[in-house]
Amino acid sequence: MADHEEAEITYILPERVAVILKALKGFDIESAIEKFEPKAFEQNQIYPNIWEEEYKEAFQKDFMEIFEELKMFYEKTTELGKGMIVSIY
C-alpha cells in the first residue's frame, strides 16, 4: 500500500451484528430505491463516478440484489453467533 493511502480496519461484535440485522430487516429498500436519482449522486460526486440516468433501472436492480445479499450475510452471521471484521481501503 502506498504511503498516501489510508485503510480503516474495525470489527463488529456478534451482539451488534444482530442489531444491524434488525435494522436491515426494518429498512424499506423498495421505497429508497424508488427515490434513487443518479443525477443527485453525480452532482454530489458520489464515488464511483458512474451515475448516468440511462442506467437508473440497472442500478436499482443491482441495489436490490446487493441489499438482499447483505441481509442474508448478516442473517447467517447472526445464526452462527459470529462477529465481523470490516476493512475499507
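Here is a short report on the structure shown in this document. Keep in mind the model is a prediction, meaning the values are calculated, not measured.

The next thing to look at is the nonpolar core. Ranked by size, the top nonpolar core spans nine residues in total: Ile12, Val17, Leu21, Leu24, Ile29, Ile33, Phe67, Tyr74 and Met84. Elements that contribute at least two residues to this core include exactly α1 (14-26), α2 (29-34) and α4 (56-80). No other element matches α1, which puts three residues into this core. Not counting residues up to four positions away in its chain, the partners in contact with Val17 are Ile12, Tyr74, Thr77, Thr78, Lys82, Gly83 and Met84.

What follows is about the packing of α1 against α4. Packed helices, taken two at a time, are described by the angle between their axes plus the distance between the axes. At a minimum axis distance of 9 Å, the contact between α1 and α4 shows a crossing angle of 145 degrees. Helix-helix and strand crossings are classified by hand; for α1 and α4 the assignment is left-handed. The segment α1 lies against α4, with Val17, Ala18, Ile20, Leu21, Leu24 and Lys25 engaging Phe67, Leu70, Lys71, Tyr74, Glu75, Thr77 and Thr78. In the contact of α1 with α4, the residues fall into eight nonpolar, two polar and three charged.

Of note, Thr77 is situated in helix α4. If near-sequence neighbours (up to four positions away) are discounted, Thr77 is found in contact with Val17, Lys82, Gly83 and Met84.

What counts, and where the lines are drawn
Residues numbered from 1 in each chain as written. Predicted model: local features only at pLDDT ≥ 70, side-chain atom pairs only at ≥ 80, totals over all residues. Heavy atoms only, no water. Core = buried A, V, L, I, M, F, W, Y, C linked by side-chain atoms within 4.5 Å. Buried < 20%, exposed > 50% of the residue type's maximum accessible area, 1.4 Å probe, protein only. Helix = DSSP H or I, 4+ residues; strand = E, 2+ residues; numbered from the N terminus. Contact = heavy atoms within 4.5 Å. Axes fitted to C-alpha atoms, helices over the stretch in contact; angles between N-to-C directions. Left-handed = near helix turned anticlockwise from the far one by under 90°. Nonpolar A, V, L, I, M, F, W, Y, C, P; charged D, E, K, R; others polar.

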